[in-house]
Amino acid sequence: MIWYPYEQMKTMKTPYKIVDAEGVYLYTEGQKLIDSVSSWWSAIHGYKHPELNRAIETQLRKFAHVMLGGLTHEPVQKLSDKLQSWLPGDLDYCFFSDSGSVAVEVALKIALQYFMNRDEARRTMVLALEHAYHGDTFKAMEVGDDEDYHFVLNAYGQSRYVVHIPTETGALEKAFAAYHDRLNCFIVEPLLQGAGGMRMYDVSFLKRARELCDQYGVLLIFDEVATGFGRTGNRFVADLVLPDILVLGKALTGGCIGHAVTVANRRVYEGFYDENPSHALMHGPTFMGNALACSAALKSIELFEQQGYMSKIRKIEAITRREMQGFSDPRVKEVRIMGACVCIEVYDPDTIAGYQQFACGRGVFSRPFLNYMYAMVPYIIREDELVAVLQTMKAWFAER
Ligand SMILES: *Cc1c(COP(=O)(O)O)cnc(C)c1O
């Protein structure tokens, strides 16, 4: 018996059973659906990409996996070299793990231990954003601001270690004034908060955050598990404002195998690098640096670079803006567009109940949640396919 994610199993609808997938399409036994979710925003090259598959198959003929405990191998070395040269600034030190949540845990653990290694024992607190989502493991939930965590709040009460603020400069400055000597880090999903409702905010907030973090010696963490690899219309938001620690996941492998990485800058790495064994980072997921995942990630980055993905993303944004131009409905609170992400927020969640089945009837797979109907398509989508996705979203309002 499968226990499905985010579902009340007693009332859950039967899931769509996928028998094949290729390009932007998911195939059920009887239907072909454009995937407007990209498997939780990860399948940026679509499905069954021949070059990604070949990269995995080639590595598979050598070995699928060996641990990184005392061992190393070419795919993980090549991937860390590639990330070191490809990522901005001195984000050079790659700690691999098997999922975004774990990579966030690693980032938070690094931030705390960085200060403990320096005997700054007061810095136990984390600053985070309202509506944040950083994954479903315990510390990730605690720095998040998600419904998932509310039962824990009921059980344990408010965390003494996390402060949440809105994405407003005034709130940011107040929080730093109050807590600067107790904070070890400020963690954000930069520019675009995904699972918290595709909320978008201005880069000026991040620039001010960088200044305040510099002023008070607080580490700035960008959780780019969702925003990385072009989703916001920037390659990484870290190209605009440089964090001290960057977390990547989801699209890292082009969505074909779970893998993630926590990348630290030189200052952070040097906070662990000395003669004292207790200053080491004591972490090591069994499947970190998995050879198939690293081979897929290398190929995914190569495709991203060589096939002009940033211009594909700009085109997706332009088509989306054109198609959403003039769209309005009294039930709609806001239409938000950034890069290859579009979200229609409605006032009442009942307004979009039944949209998934409606979209499916028109050949589009969608997964609206709460008040949010959205599309985050694979970047290889054709114009007519993208238009079909956006027309389907608008048609739901026009026909009801
Ligand atoms: C999905 C997501 C995570 C968690 O990644 P998993 O691989 O599901 O553990 C963390 N942070 C952000 C911003 C995400 O979107």
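Each remark here, short or long, concerns the structure printed above.
Residues numbered from 1 in each chain as written. Predicted model: local features only at pLDDT ≥ 70, side-chain atom pairs only at ≥ 80, totals over all residues. Heavy atoms only, no water.

*Asks:* I'd like to hear about the side chain of Asp244, residue by residue, with values.
*Replies:* Here Asp244 lies in the loop between strand E10 (219–223) and strand E11 (245–248). At 3.1 Å, the side chain of Asp244 and the side chain of Arg210 are in polar contact. Apart from residues lying up to four places away in sequence, Asp244 is in contact with Leu91, Arg210, Val218, Leu219, Leu220, Val263, Ala264, Asn265, Arg267 and Val268. (Helix = DSSP H or I, 4+ residues; strand = E, 2+ residues; numbered from the N terminus. Polar contact = N/O pair within 3.5 Å; in protein donor to acceptor, adjacent residues only side chain to side chain. Contact = heavy atoms within 4.5 Å.)

*Asks:* Run through the packing of helix H7 (residues 169–179) against helix H8 (residues 203–216), naming residues and quoting values.
*Replies:* Contact geometry of H7 with H8 gives a least axis separation of 10 Å together with a crossing angle of 10°. As far as their axial angle goes, H8 and H7 are roughly parallel. Two secondary-structure elements touch here, H7 through Thr169, Leu172, Glu173 and Phe176 and H8 through Phe205, Arg208, Ala209, Leu212, Cys213 and Tyr216. Here the contact of H7 with H8 is built from residues that sort into 7 nonpolar, 1 polar and 2 charged. (Axes fitted to C-alpha atoms, helices over the stretch in contact; angles between N-to-C directions. Parallel < 35°, antiparallel > 145°, perpendicular 65-115°, else oblique. Nonpolar A, V, L, I, M, F, W, Y, C, P; charged D, E, K, R; others polar.)

*Asks:* A description of the packing of helix H2 (residues 50–60) against helix H10 (residues 291–306) should follow, citing residues and the corresponding values.
*Replies:* It is the contact of H2 with H10, at a shortest axis distance of 9 Å, that shows an interaxial angle of 150°. The handedness of the crossing between H2 and H10 is right-handed. Across the interface between the two elements, Glu51, Leu52, Ala55, Ile56, Gln59 and Leu60 of H2 pack against Ala291, Leu292, Ser295, Ala296, Lys299, Ser300 and Leu303 of H10. Grouping the constituent residues of the contact of H2 with H10 by class yields 8 nonpolar, 3 polar and 2 charged. (Left-handed = near helix turned anticlockwise from the far one by under 90°.)

*Asks:* Can you explain the sheet that holds strand E2 (residues 25–27)? Please cite residues and give values.
*Replies:* The strand order E1-E2-E3-E15 describes an open sheet built from 4 strands, whose pairing is mixed. Pairing within the sheet leaves two strands with one partner each, and these edge strands are strand E1 (20–22) and strand E15 (364–365). Note: E1 against E2, 3 bridges, orientation antiparallel. Its bridge partner being in E2, Glu22 is matched across the sheet by Tyr25. (Pairing = 2+ DSSP bridges.)

*Asks:* Quick rundown of the site of the ligand? Include the residues and the values.
*Replies:* Around the ligand, the neighbouring residues are Trp41, Ser99, Gly100, Ser101, Tyr133, His134, Gly135, Glu189, Asp223, Val225, Ala226 and Lys250. Between an oxygen atom of the ligand and a side-chain N or O atom of Ser101, the distance comes to 2.6 Å. At 2.5 Å from an oxygen atom of the ligand is found a side-chain nitrogen or oxygen belonging to Lys250. Protein chains shield 82% of the accessible area of the ligand, which is 380 Å² for the free molecule. (Near = heavy atom within 4 Å. Areas by Shrake-Rupley, 256 points an atom, 1.4 Å probe, with all protein chains shown as cover.)

*Asks:* Can you explain helix H13 (residues 383–398)? Please cite residues and give values.
*Replies:* If you check H13, its first and last C-alpha atoms are 22 Å apart, about what 16 residues at 1.5 Å a residue would give, namely 22 Å. Burial in H13 covers these residues: Glu385, Leu386, Val387, Val389, Leu390, Thr392, Met393, Lys394, Ala395, Trp396 and Phe397. (Expected span 1.5 Å × (residues − 1). Buried < 20%, exposed > 50% of the residue type's maximum accessible area, 1.4 Å probe, protein only.)

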